[in-house]
Every structure is written in structure tokens, then in C-alpha cells.
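Now for the letters of each chain:
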Number of protein chains: 2
Amino acid sequence: MQYYTDTDMGLDFRQVNLAVESAFADHGRGLVQMPPKVYVTLPYGDFRTMPAYLPSLAIAGVKIVNVHPDNPAKGYPTVMALTVILDIETGRPTAVINATRLTDMRTGAAGAVAGKYLSARKEIVLGVIGTGRQAQAQVSAISRELSIRQIKIWGRKPEHIRRFADRFMDFPCRESSIEDTCDCDVLVTTTPSRTPIIRSEWIHEGTHINAIGADAPGKEELDPALLRRAQVFVDDPVQAIHSGEVNVPISQGMYRAADIAGTLGEVVIGTKKRAGPDTITIFDSTGLAIQDLAIAKIAMQHGKIIDLPFP
Amino acid sequence: MQYYTDTDMGLDFRQVNLAVESAFADHGRGLVQMPPKVYVTLPYGDFRTMPAYLPSLAIAGVKIVNVHPDNPAKGYPTVMALTVILDIETGRPTAVINATRLTDMRTGAAGAVAGKYLSARKEIVLGVIGTGRQAQAQVSAISRELSIRQIKIWGRKPEHIRRFADRFMDFPCRESSIEDTCDCDVLVTTTPSRTPIIRSEWIHEGTHINAIGADAPGKEELDPALLRRAQVFVDDPVQAIHSGEVNVPISQGMYRAADIAGTLGEVVIGTKKRAGPDTITIFDSTGLAIQDLAIAKIAMQHGKIIDLPFP
């Protein structure tokens, strides 16, 4: 058994996007085993357990990931993750992977795949709501699939916006109001909000939205009226209804699960698509265990290794 | 983060039994978080993911365990396990534990707790069906709670029976027919059978049975008529109905979930008990994630440690 640390070293988003796209295609074809993620609540946050088996990559395993919003004050990241890989022939654990930064990357990659297939344009103005690790991962990943003419960024803390802009100096990047940020071709929302912060009237026709922030029951970023105007694609219906952007509107009767347009996997394999150039499309991302396995497969070619005795 | 290897070194079953009994008591009182274990099927077996949070021990984590019956021919154990422990304050992974032998011990300990509370006698003839690692763990664990006058052992392979008898030379131990082995005070069944091998008429009144072998859909060891004669206690109702001894009879309409007498946790805290000295009692064990956390807590005081960088 081997422990992999610093596993994002040397990973290129182009390769990660491709691997994640392939995993979504397998999901769309029904070729994966992936029970819905399981939540356990701790005193100051929660952790999620995400098992899966991806036959096309001959990889199986479990990602374990926490979400603790108060962690930064304690000197730890909000989200930390570990992935355990099992040999598919014998079930023997073969690897334990530090998956904290991989989790950022694989979520960014899902957004990039959604943007590639669902954006109405290839040259885009990218609106970004939030300035944290996931906002940065979305921009990095999307930049490999779409040509970014301009980035509009909105966040609560000026110093975080400056840091964000410094990181993406290759693109014209300017701080905007939340309303003006929504005036874009592709919008990415990455906040931990529990009330809608994006009003429906701010979004013009033809916009594609990656709704990333909502990943637990009670979280939502978008006005439910916006969901009803749009084609909503989810990564996985069971997970999305439980904990995605649609979870609160569905539980309050303001959106119907039956109105979900399809999955990103179905979009990738071509059985579902954007209805027309003026349609508003939304990708509701909760995060799939198969994304974690796809990136683990790549990461195991790069990370520093520590050998561990097992059994 | 630390990796613990050889974690059963120095563990005493008396201590393990006590910790597991305490975990069952917490379960009986509704003081634990433990979603049902999740199964993923691999080409030659399966793996189970078992998250839990046990507030009384301030421990949370996930056990990942496979079952691959053809592994011994490939040089690996049938069952191998790894437990990941998370800090309950921050969700940070703090330990990865080699839990293969711990899994044997914590299952043995559950059988010992069941025997302690449900056996009609304190001095017993112990019948053992099967000769593998779990049969041995059951005997070792039960011997700490009940006084074993004699062991009757039945298995398919004479060399395995000899090895078993050599291990337990402190007890009068004799090979018996399967029918005669069932003539005992406490019977332990530990086979991977998919058809009933224990006939109801072989079991006399007052016997207690630990039904250990059935731990996946389709597995069963006991005649359903025997279940209907007995008080059946389970470790966890959802898991037992899905994958315990009762799973096949319930799915075939030969036993009713409503007839389950209660949980071992309820027995430990005294809200349920053996109806009378002549009752046949059955403990249907599927294995709980809280047992894994309870033994992990002890094991982390003993195992060899390898420091791992995280995050």
C-alpha cells in the first residue's frame, strides 16, 4: 500500500478535464457503480463518504471529505479529503491519497466539462461569484475548454478579490457588482450560501451557469424562479435532489424533480443538449465519487510516495 | 496523520468486549450516527463502506472492508480492512488504521456481548460451525464472558479442524457431526453459506445462537423455521434486513421484519431481554461501523505508527 502526498503536483487541467469528461460519459451510459454519497454530521461540520467503481479505468475506492466552515480560524482548510484506492481484483487497499487539492481540481473539471458542452459561446465573458479555492479551480479548468475574453469577479472581501485577480493576470479581470457580474456568458457560483443570492432578473438569455456552492441540504445560491426559466442539468439526480442547488426549491415545492433536464453524463454522450442559443442552462454540481476516482488515477502517476505495510 | 500497522498487538479481548458493549449501549440509546453500510460490487467480490460518529468516545471515521472469497488462492485474506479516523472538531483525517485483524476481533466481541446477555447459562458447551478466522475470534472473545466447559467443532476440512483444536488446547475441544455440534448451549455459525445448513430440529430449547456468517444479500445459514421458533435480535435492523441472517427469509416471505425482537443495543441497556430459560435466542450480526470505531480507539493506543504528511 502506498500513501500519495502533494498529488496535484504536475497535474494539468487539460488532462484532468478529459479524465473527468470520460467519467461523466461512463455515468451517462450507466457503466459505473456509485451509490449516493453518505453524510455524517459532526459538531462543527460534516463529512461525506463517497464509494465508487469505475470499470473503464479499472479503479475502485472511497473518498472521505469534510466540510468545516470554521476551520480557517483554526489553521485548517474548510475542506480536506483522503481517497482510499482498492485493487479491483482482490479488494486490497493499494493506495491512500491526500485528495484535498484534487477535490478542488475535479470539481473545477466538472465545471469545465459543463461549460464545454453547455455554453452557447466558445469565446466568453466569465462571471465568478466568490473568490475561494473553488472559484479559482473553476477559472483554471474552464480556461482550458473555452476562450475567456474577460473575467468579472464579485466577492465580499476586497483583499480576496485582489488575490484572485493577481492569480489570473493573463485575463482581463475586474471587480464588479454582483448584478453586473451576472451579465456574462458563463457564470460560476461558488459560495456556501443558504439563501438565494443570484436574482433571476440579473441573468440574461443564453447564459450558462455552473452552480457549485450548494453541496448539502439547506444550501442554495440561485433564485428558484431562475431554475424554472432554465434547463437544469445535474451531475447525479439522487445527490442533487438531496444536496444540490435544487434541494431547497424541491423540498419547498418551488421546483419539481421531474423538471430536471438530464445529467451532465447524458449531455457528454449526446442524448441531452442545450435546447437553443437563448436558453439559460444550469449545471447543478454536487460532486461525484467517479470524478475523484478519475483524478486519482492521474494523480497516482505524479505524487510523492510513502510505502506502507499492508496487510 | 498517522498510519497504524499491526494494530491487534497487545489487545486483550476483555478490553475489546467492554468497548464494543459500550458502543452497543450507545446504539441502544440512540446516541450514535451510523448510516447503513454501503455495498459496491467488484468482479470477484465486493467492498463495504462504513461511516460513523460515536460521540461518547469522541471518535468519527470510516471503515472500508472487502469480501473476496477467492483471495486465499491469490495469497491474500478473504477480508481486508482499513479504517480512516477523522478529528471530530475539524474533520481532518488523523489516522489510517490497518483494520484486517481488528475486524475479526470486533465481530468476535459482538458475539461475546450477545453471549453474555443472551445465553441462558454462564457455564456452556460451545458449538462452533466453521473453522476460519471468525470462528476463532468468536471463541476467544466468548471465553472472556462465559465459562466454556467444552467446545464442539464442525467444519469441512479435517486439517482446519486440527489447527482450530490446537489453538484452543485450554478447552476440551472435539470434532463433531454438524447435528451433534448443534446440541450445545451457545452455537456460533461462521460459514459463507447461501443455503440453510442448520436445521431447526437440531436446536434444543434454551440455546443461544450467534449467526455471524450472513453479511450480504443472499447469504443465510439457519433454517427459516428456526428463526420463527426463536427470539431474533439484530445489531441494526436496516443492515440486518438488507444483508443479515434474516435477509433471505424476509425477501422470500418466510420471516417478517416485524417479528425481530429488538437490537443487541436494546438488550445491553436492558429494554429488551431473553423471554425465558427455554427460549431459543439468535443474534443476527452484520457488523456495525461503531464496533470498528470502538476498537480503533483502543488500537490507536497500541499499534506501530508511521507518520504521514497531511494536509
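Everything here concerns the structure above.
Now for a description of the structure that goes with this document.

### With respect to the interface of chain B and chain A
Argument step 1. The interface is formed by 43 residues belonging to chain B together with 43 residues belonging to chain A.
Argument step 2. Where the side of chain B that touches chain A is concerned, the elements lending two or more residues are strand 1 (2-5), strand 2 (38-42), strand 3 (45-54), strand 4 (59-67), helix 2 (71-74), strand 5 (79-86) and strand 6 (93-98) of chain B.
Argument step 3. Of all the elements, strand 3 of chain B adds the most residues to the side of chain B that touches chain A, at 6 residues.
Argument step 4. Taken together, the residues that form the side of chain B that touches chain A break down as 28 nonpolar, 12 polar and 3 charged.

### Let's talk about the sheet that holds strand 15 (residues 304-307) of chain B
Residues and elements named next belong to chain B.
Argument step 1. On the basis of which strands lie adjacent, the open sheet formed by 7 strands has the order 2-3-4-5-6-1-15 and mixed pairing. Each of the sheet's edge strands pairs with one partner strand only, and the pair in question is strand 2 and strand 15. Within this sheet the neighbouring strands show an average axis-to-axis angle of 20°, counted without direction.
Argument step 2. Lying on the sheet, helix 3 (residues 100-118) is in contact with strand 4, strand 5 and strand 6; it crosses strand 5 at an angle near 90°.

### Brief notes about the relation of the copies chain B and chain A
Superposition of the two copies of the chain requires a rotation about an axis and a shift along the axis.
Argument step 1. Each copy superposes on the other: chain B lies on chain A with an RMSD of 0.0 Å after a rotation of 180° and an axial shift of 0.0 Å. Both chain copies can therefore be described as sitting about a two-fold axis. By C-alpha distance to the rotation axis, the residue of chain B lying nearest is B:Thr49, at 3.9 Å.
Argument step 2. The residues that chain B uses at the interface reappear at the interface of chain A in 100% of cases, marking a shared surface.

### Some details on the sheet that holds strand 7 (residues 123-129) of chain B
Residues and elements named next belong to chain B.
Argument step 1. Pairing within the open sheet is parallel, and its 8 strands lie in the order 9-8-7-10-11-14-12-13. The open sheet has two edge strands with one neighbour each: strand 9 (173-175) and strand 13 (262-263).
Argument step 2. Where strand 12 (residues 231-234) and strand 14 (residues 281-284) come together, 4 bridges link them in parallel fashion. Within strand 14, the position partnered with Val232 by the bridge is Ile282.

Criteria and cut-off values
- Residues numbered from 1 in each chain as written.
- Chains lettered and ligands numbered in written order.
- Predicted model: local features only at pLDDT ≥ 70, side-chain atom pairs only at ≥ 80, totals over all residues.
- Contact = placed C-beta atoms within 7 Å.
- Helix = DSSP H or I, 4+ residues; strand = E, 2+ residues; numbered from the N terminus.
- Nonpolar A, V, L, I, M, F, W, Y, C, P; charged D, E, K, R; others polar.
- Pairing = 2+ DSSP bridges.
- Axes fitted to C-alpha atoms, helices over the stretch in contact; angles between N-to-C directions.
- Least-squares fit on C-alpha atoms with pLDDT ≥ 70 in both.

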